[in-house]
Amino acid sequence: MKNLLYKEYMLAVHPLFFLFILMGAMMLIPDYCYYVAFIYSVLVVINNIFTSGKANKDIEYTTLLPIKKSDAVKARFLSVCVYELANILSAGIFAVVSHLVYGSGLNQAGIDINPAFFGFVFVMFGGFNFIYLTEFYKTGHKILKPILFAGGFFMLFIGVAETLAQYIQSPVSAYLDSSTPEGMLMQIPVLIAGIVLFVLLNLWGFKVSAKRFERLDL
Amino acid sequence: MSILKIDGLCKSFGTFALDNVSFCVEEGTVMGFIGRNGAGKTTTLKAVLGLVHPDAGVVEFTGKAVKDNELFVKQNIGVVLGGVDYYPTYKIKTIAKVTAKFYDNWDWALFDSYLEKFNLDKNKRIKDLSAGMKVKFALAMALSHGAKLLLLDEPTSGLDPVSRDEIIGIFIDLIADGQHSILFSTHIISDLEKCADYITYIQDGRIIESTDKESFAEEYRVVSGGVLTPELEKKLIGVRKNSFGYEAMIKAEDEADFVSAGANTQRIGLEDIMIHLERE
């Protein structure tokens, strides 16, 4: 696995992609739909890992190496997750800066930057990975359906999450959209649930993808 | 001893099928795998590597089933499917550095010696290599991890005659130690004339013949002229009629019958055998 990750970072994942981690700085924009900071990750970075892989015949190269096909899938899941976690970490750091600079001000344009928000981001990435990668490994080369389905899910998720937290006033929105210290402490279970779902969706997605990829005649 | 044994390999793709493909590659020999484009050569080679899942049949490498020993097989088989055409903007040294990580027996000194021998600059990018250089680079990588068997899919196709001759020379040098074996598919028959010990002929997914090169050529004769009875006409293979008569191939065992009928028979080269076998 170590060798496959080395291959991922030497050949498949261009270092330039990691620049997009800095999109986490969008946490500093006052009154904003902060989920947008992660759209670049999926539409630009992750989709491009696969499109450039297709252009560079990554699968043709990788499957000739002395590895199990399922390990190639695992390495890809890991490199995608590493990127997403780096994106979340960067956003987390800028979120702290945002709180220090602006205080716990109410975000008028969307959910406040708080643990519930990050919990939703984890679920959003987990869902995206599950849909994109399981769909991609059906064929090993088609990338339109994966990005349409997974990108569609991503946008829909943002819409639903923002509606729940911001646009329909309810006890749920009051709970999710708080950025007071007490409110944020109460949201920790949402963050944990998000992380657990992220892990589960990726594990499940890997199992499905590996099975589909194994069946493929290349 | 057979280093590679393919037994009863079947794979259906709808319009095309490998039908009971069976042959062996002996240790220290070169097996030429020939057939027209689309006859099933690449599919067979991919099935050997586990990239294509056969519907039936067994492939054994050094007596071990490929299906259950994928990693061992890939560690010990050097594969060249055409030239290197992946990651074209990367340098030779980068691709080699990454590839080397995966092989237990990668030998950098050997790799460097092949680069020198093939006149390859490790700072060149893949896209800047000629077709011949791409094949040589692929060969250098395949040879640098101690592969016992080289599986080469049309390594000489698209190369100029001089480059082809160079590659063939490399094959001949390689098997001289008796430790390496080569299975290479091609439709360039003159390459086989130069270096193959054995020939396996595939047509429409079926193996027509798998034997040593000399026996293969000895099995057929080219025939023309004479007075042909309907029985003799039935024995003609790939007949072509023209205003002067006809020209066709026959099985060597039928030669006496044709000579009695006043026909001229001659020995036939591999390329002509292929043409007659494929001519409808």
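Residues numbered from 1 in each chain as written. Chains lettered and ligands numbered in written order. Predicted model: local features only at pLDDT ≥ 70, side-chain atom pairs only at ≥ 80, totals over all residues.

**Details of the overall build of chain A**
Stage number 1. Summing up its helical and strand segments, chain A has nine helices and zero strands in all.
Stage number 2. Starting at the N terminus and walking to the C terminus, you meet the elements of chain A as α-α-α-α-α-α-α-α-α.
Stage number 3. Here the C-alpha radius of gyration of chain A, 18 Å, is about what a compact globule of 218 residues would show, namely 17 Å.
Stage number 4. The principal-axis extent of the C-alpha atoms belonging to chain A is close to 55 × 30 × 25 Å.
Stage number 5. In chain A, which comprises 218 residues, the share counted as buried stands at 43%.
Stage number 6. Put simply, 81% of the contacts in chain A that link residues at least 6 apart link residues at least 24 apart. (Helix = DSSP H or I, 4+ residues; strand = E, 2+ residues; numbered from the N terminus. Rg over C-alpha atoms; globule rule 2.2 N^0.38 Å. Buried ≥ 20, exposed ≤ 12 C-beta atoms within 10 Å, placed from the backbone. Contact = placed C-beta atoms within 7 Å.)

**Comments concerning the interface of chain A and chain B**
Stage number 1. With 18 residues of chain A in contact, the opposing surface of chain B contributes 17 residues.
Stage number 2. Counting residues per element, the ones that place at least two in the side of chain A that touches chain B are α1 (2-12) and α3 (58-64) of chain A.
Stage number 3. Partitioned by chemical class, the residues of the side of chain A that touches chain B number nine nonpolar, three polar and six charged. (Nonpolar A, V, L, I, M, F, W, Y, C, P; charged D, E, K, R; others polar.)

**Some words on unusual backbone geometry**
All names here are of chain B.
Stage number 1. Notably, threonine 62 is not glycine yet its phi reads approximately 45°, a positive angle.
Stage number 2. Located in the positive-phi region is tyrosine 87, a residue other than glycine, with phi close to 45°.
Stage number 3. Locating tyrosine 87 in the fold gives a position in the loop between β6 (77-81) and α3 (92-100).
Stage number 4. Judged by C-beta crowding, with 23 C-beta atoms within 10 Å, tyrosine 87 ranks as buried.

**With respect to the nonpolar core**
Stage number 1. Membership of the largest hydrophobic core comes to 137 residues, with the highest contact counts inside it found for Val48(B), Ala142(B), Leu149(B), Leu151(B) and Leu183(B).
Stage number 2. Broken down by element, the residue count for this core peaks at 13 residues, all from helix α5 (residues 115-136) of chain A.
Stage number 3. What Leu183(B) contacts, discounting residues up to four positions off in sequence, is Leu4(B), Val25(B), Met31(B), Phe33(B), Leu149(B) and Leu151(B). (Core = buried A, V, L, I, M, F, W, Y, C linked by C-beta atoms within 7 Å.)

**Focus on the sheet that holds strand β14 (residues 264-266) of chain B**
Residues and elements named next belong to chain B.
Stage number 1. Spatially, β12-β13-β11-β14 is the arrangement adopted by the four strands of the open sheet, whose pairing is antiparallel. Single-partner strands in this sheet number two, and they are β12 (237-242) and β14. Direction aside, neighbouring strands of the sheet carry axes that sit 20° apart on average.
Stage number 2. Here three bridges tie strand β11 (residues 220-224) to β14, and the two strands are oriented antiparallel to one another. Across the sheet, the residue bridging to valine 222 is glutamine 266, located in β14. (Pairing = 2+ DSSP bridges. Axes fitted to C-alpha atoms, helices over the stretch in contact; angles between N-to-C directions.)

**Remarks on the domain arrangement of chain B**
Quoted interface sizes are often the accessible area lost when the parts come together.
Residue and element names in this part refer to chain B.
Stage number 1. Taken domain by domain, chain B holds domain 1 (2-212) and domain 2 (219-278).
Stage number 2. Its C-alpha centre places domain 1 at a distance of 35 Å from the equivalent point of domain 2.
Stage number 3. Contacts between the two partners involve eight residues from domain 1, matched on the other side by five residues from domain 2.
Stage number 4. Its residues assigned to classes, the side of domain 1 that touches domain 2 comprises four nonpolar, two polar and two charged. (Domains from an automatic or database assignment.)

**Considering the sheet that holds strand β2 (residues 17-26) of chain B**
The strands making up a sheet associate through backbone hydrogen bonding, with each pair oriented either parallel or antiparallel.
Residue and element names in this part refer to chain B.
Stage number 1. Strands sit in the order β2-β1-β4-β5 across an open sheet of four strands; the sheet is antiparallel. Both outer strands of the open sheet, β2 and β5 (64-65), are each paired with one neighbouring strand and no more.
Stage number 2. In this sheet, strand β4 (residues 56-61) lies alongside strand β1 (residues 2-12) in antiparallel orientation, the contact comprising five bridges. By the bridge assignment, leucine 4 is partnered in β4 with phenylalanine 61.
Stage number 3. Relative to the sheet, helix α1 (residues 41-49) contacts β1, β2 and β4, its axis offset from that of β1 by approximately 115°.

**Quick word on the packing of helix α4 (residues 69-102) of chain A against α5(A)**
Residue and element names in this part refer to chain A.
Stage number 1. Where α4 contacts α5, the two axes come as close as 11 Å, and the packing angle between them is 160°. Taken together, the axis directions place α4 and α5 in an arrangement best described as roughly antiparallel. Judged by the twist between their axes, the crossing of α4 over α5 is right-handed. Residues Phe77, Val80, Glu84, Ile88 and Gly92 of α4 touch α5, and the partners they reach there are Phe118, Val121, Phe125, Asn129 and Leu133.
Stage number 2. In the contact of α4 with α5, the residues fall into seven nonpolar, two polar and one charged. (Parallel < 35°, antiparallel > 145°, perpendicular 65-115°, else oblique. Left-handed = near helix turned anticlockwise from the far one by under 90°.)

**Considerations on helix α2 (residues 36-55) of chain A**
For an α-helix, 3.6 residues make a turn, and residues three or four places apart therefore share a direction.
Residues and elements named next belong to chain A.
Stage number 1. Along its 20 residues, α2 runs 28 Å from first to last C-alpha, staying within 8% of the 28 Å computed at 1.5 Å per residue.
Stage number 2. Along its length, α2 shows its largest kink, about 35°, at asparagine 48.
Stage number 3. Among the residues of α2, those classed as buried are Ala37, Phe38, Ser41, Val42, Val45, Ile46, Ile49, Phe50 and Gly53.
Stage number 4. The secondary structure elements touched by the buried residues of α2 are α1, α3, α4, α5 and α6 (144-167).
Stage number 5. In the segment just after α2, lysine 57 is the residue with positive phi, at about 55°. (Expected span 1.5 Å × (residues − 1). Bend = angle between axes of the 7 residues up to and from the residue.)

**Things to note about the pairing of β2(B)**
Each regular strand displays side chains that alternate between the two surfaces of the sheet.
Residue and element names in this part refer to chain B.
Stage number 1. In this sheet, β2 lies alongside β1 in antiparallel orientation, the contact comprising seven bridges. From the neighbouring strand, isoleucine 6 faces β2, where its bridge partner is phenylalanine 23.
Stage number 2. The hairpin turn running from β1 into β2, its antiparallel successor, is four residues long, and glycine 14 in that turn takes a positive phi close to 95°.

**Some points on the confidence of the model for chain A**
Stage number 1. Averaged over all residues, the pLDDT of chain A is 90; the fraction at 70 or higher stands at 99%.
Stage number 2. The least confident element of chain A is helix α7 (residues 171-176) of chain A, whose mean pLDDT is 79; the most confident is helix α9 (residues 188-215) of chain A, at 96. (pLDDT = per-residue confidence, 0-100.)

**So, helix α11 (residues 270-278) of chain B**
Residue and element names in this part refer to chain B.
Stage number 1. Turning to α11, its buried residues are Leu270, Ile273, Met274 and His276. Around the axis of α11, the buried residues are gathered within 170° of arc, so they sit on the same side.
Stage number 2. Those residues of α11 hidden inside the fold are in contact with β3 (30-34), α7 (189-195), α8 (213-218), β11, β12 and β13 (245-251). (Arc of directions from axis to C-beta.)

**Quick word on the environment of Pro230(B)**
Stage number 1. Mapped onto the fold, Pro230(B) is located in helix α9 (residues 230-234).
Stage number 2. Taking C-alpha positions, Pro230(B) is 50 Å from Ala131(B), a pair spaced 99 residues apart along the chain.

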